[in-house]
Amino acid sequence: AAYGVDPAPTGAANAILATNIVLTPMEGQDVSRELELPWLAAQATIPAGLHVRLQFRVELVPSGAAGTAPAWGPLLRACAVAETVTPATSVVYNPVSDGHESVTIHFWIGGTRYVARGSRGTAVLRFTAQGIPYLEFDFRGLFALPTEEARPTPVLTAFLKPDLVTSAKTPTFEIGAQSFVMRSFALDLGNAVETRFLVGSETVLITDKTEGATAQVEAVPLSTFDPFTAALDQSLLAVELVHGTVAGRIATLNLPTAQLQRPAGLENAQDVLEWPLRFV
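Residues numbered from 1 in each chain as written. Predicted model: local features only at pLDDT ≥ 70, side-chain atom pairs only at ≥ 80, totals over all residues. Heavy atoms only, no water.

Undergrad: Residues and numbers for the overall build of the protein, please.
TA: Broken down by element type, the protein carries three helices and 18 strands. Principal-axis analysis of the C-alpha atoms gives the protein an extent of 75 × 50 × 35 Å. Going through the 280 residues of the protein one by one, you find that 36% of them count as buried. Total accessible area on the protein is roughly 15,400 Å²; 54% of this is exposed by carbon and sulfur atoms. Positive and negative charge centroids in the protein, built from 18 and 27 side chains respectively, lie 5 Å apart. (Helix = DSSP H or I, 4+ residues; strand = E, 2+ residues; numbered from the N terminus. Buried < 20%, exposed > 50% of the residue type's maximum accessible area, 1.4 Å probe, protein only. Areas by Shrake-Rupley, 256 points an atom, 1.4 Å probe, with all protein chains shown as cover. Lys, Arg positive; Asp, Glu negative; His and termini not counted. Charge placed at Lys NZ, Arg CZ, Asp CG, Glu CD.)

Structure follows, in structure tokens:
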């Protein structure tokens with residue numbers, strides 16, 4: 001409710017099931033005192049611009065009930081994304097340019113608790129054939145000294161088992177209304193996350209976005225789809241990916257105005273020609 005104020009998340013209400021966690025607990029700079037000394041010696045320094053960086057990924061699985069926000073929803077909201085809930089129907093996430101929310105993250109290693117207040121970040125949504133779809137997060141938050149605290153008991157029942165990215169479970173992948181055989185797809189929110197530490201205000205801000213997407217697809221005849229002409233014409237194409245087939249477990253990714261960039265090369269995968277495509 002108030003930026004940088006710890007709302008005391010709990011294991012029962014706010015636990016996150018994550019993997020590939022990387023914690024950098026004391027990011028910042030070391031300001032040299034630049035003393036003139038009468039002997040040869042290293043300079044004393046003062047730590048400055050202190051903040052916490054936490055990177056991890058979460059399985060991209062909806063809540064299981066249409067119109068109920070997934071357990072990872074607060075994380076996406078802290079990446080300059082708004083959440084709109086229509087009860088019993090859908091939960092929609094879309095990027096926003098202002099009114100950015102933030103989260104406080106508590107992270108335990110053994111009995112040591114690390115706290116990152118006022119955290120904001122960026123994310124990559126990654127889909128790879130025969131793999132688990134993931135949300136890959138990179139957060140930065142205000143630094144607080146780690147402390148020894150009683151460990152909470154996390155309740156992780158809101159995190160459902162994922163479906164692999166397969167033909168059966170990912171029924172739709174289209175570029176410009178043309179279906180493609182897809183090997184991989186990734187959407188990078190491209191948030192510029194800045195630590196802004198001034199007198200009277202210390203914040204983590206999202207100051208810009210450079211959203212981009214990549215896809216590797218099986219090549220088709222140019223008469224079916226011509227990526228070279230589309231890039232030359234600066235074409236805006238709708239990209240749609242649907243993962244899941246059961247109500248409450250369907251995640252639909254919609255990019256209505258994706259500009260196809262010039263193809264950077266070709267790929268030979270299992271002796272089949274594939275196109276690596278880039279979008280902004």
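Undergrad: Pulling in residues and values, what's your account of the environment of Leu205?
TA: In this fold, Leu205 is placed in strand β13 (residues 201–209). Assessed through its relative accessible area of 30%, Leu205 is described here as partly exposed. As a C-alpha pair, Leu205 and Gly118 span 87 residues in sequence and 9.2 Å in three-dimensional space.

Undergrad: Give a detailed account of the side chain of His243, specifying residues and quantitative values.
TA: Mapped onto the elements, His243 comes out in strand β15 (residues 236–243). Using a relative accessible area of 3% as the deciding quantity, one classes His243 as buried. Reaching out from His243, the side chain makes a polar contact with the backbone oxygen of Lys169 at a distance of 3.4 Å. Among the polar contacts listed, one links the side chain of His243 to the side chain of Thr170, at a separation of 2.9 Å. (Polar contact = N/O pair within 3.5 Å; in protein donor to acceptor, adjacent residues only side chain to side chain.)

Undergrad: I'd like to hear about the pattern of salt bridges, residue by residue, with values.
TA: Tallied over the entire structure, the rule returns seven salt bridges. One salt bridge in this structure joins Glu149 and Arg113, with 3.8 Å as the shortest N-O distance. Pair noted here: Glu149 is in the loop between β8 (147–148) and β9 (172–175) and Arg113 is in strand β6 (residues 112–128), with a separation of 36 residues, a long-range link. Between Arg249 and Asp163 there is a salt bridge, with the nearest N and O atoms lying 3.2 Å from each other. In this pair, Arg249 sits in the loop between β15 and β16 (251–259) while Asp163 sits in the loop between β8 and β9, placing the two residues 86 residues apart along the sequence. (Salt bridge = Lys/Arg side-chain N within 4 Å of Asp/Glu carboxyl O.)

Undergrad: Tell me what's going on with the pairing of β6, and back it up with residues and numbers.
TA: Along β6, 14 of the 17 residues are buried, which leaves the element largely enclosed by surrounding structure. Pairing of strand β5 (residues 103–109) with β6, which is carried by six bridges, proceeds in the antiparallel orientation. When the sheet's bridge partners are listed, Phe107 is paired in β6 with Tyr114. The hairpin formed by β5 and β6 contains two residues between the paired strands, and Gly110 there has a positive phi angle of roughly 60°. In terms of strand pairing, β6 meets strand β7 (residues 134–143) through nine bridges, oriented antiparallel. Considered in β7, the bridge of Thr122 is made with Asp138. Linkage of β6 to β7, two consecutive antiparallel strands, is achieved through a turn of five residues, within which Gln130 is found at a positive phi near 70°. Bridge count for β6 against strand β11 (residues 182–188) is five bridges, and the pairing is antiparallel. When the bridges of β11 are listed, Thr128 appears paired with Ser184. (Pairing = 2+ DSSP bridges.)

Undergrad: Now, about the environment of Val155: what can you tell me, with residues and values included?
TA: Secondary-structure assignment places Val155 in the loop between β8 and β9. In this structure the C-alpha to C-alpha distance between Val155 and Gly176, which are 21 residues apart in sequence, comes to 42 Å. In contact with Val155, other than residues within four places in its own chain, are Gly11, Ala12 and Ala15. (Contact = heavy atoms within 4.5 Å.)

Undergrad: Describe in detail the nonpolar core, supporting the description with residues and values.
TA: Side chains of a nonpolar character, in soluble globular proteins, are inclined to be buried together. Ranked by internal contacts, the top residues of the largest apolar core, which has 47 residues, are Phe137, Phe139, Phe173, Ile175, Phe185 and Phe279. Beyond its immediate sequence surroundings of up to four residues, Phe279 is in contact with Ile175, Glu211, Gly212, Ala213, Ala215, Val239, Ala258, Gln259, Leu260 and Gln261. With five residues, the next largest nonpolar core counts Ala80, Leu142, Val193 and Ile206 among its residues. (Core = buried A, V, L, I, M, F, W, Y, C linked by side-chain atoms within 4.5 Å.)

Undergrad: Quick rundown of the sheet that holds β15? Include the residues and the values.
TA: Reading across the sheet, the four strands line up as β10-β9-β15-β16 and stay open at both edges, with antiparallel pairing between neighbours. Each of the sheet's edge strands pairs with one partner strand only, and the pair in question is β10 (178–179) and β16. Sheet analysis places β9 next to β15, joined by four bridges and oriented antiparallel. What sits directly across from Thr172, in β15, is Val242.

Undergrad: Residue-level account of the packing of aromatic side chains, with values.
TA: What the rule picks out here adds up to seven aromatic pairs. With a centroid separation of 5.7 Å and an interplanar angle of 40°, the aromatic rings of Phe56 and Phe137 are classed as tilted. Taken as a pair, Phe56 in strand β2 (residues 45–59) and Phe137 in strand β7 lie far apart in primary sequence, 81 residues in all. Phe137 shares its class with Phe56; the two are buried. Grouping aromatic residues by their ring pairs yields a cluster made of Phe56, Phe137 and Phe139. (Phe/Tyr/Trp six-rings, centres within 6.5 Å; stacked < 30°, edge-to-face > 60°.)

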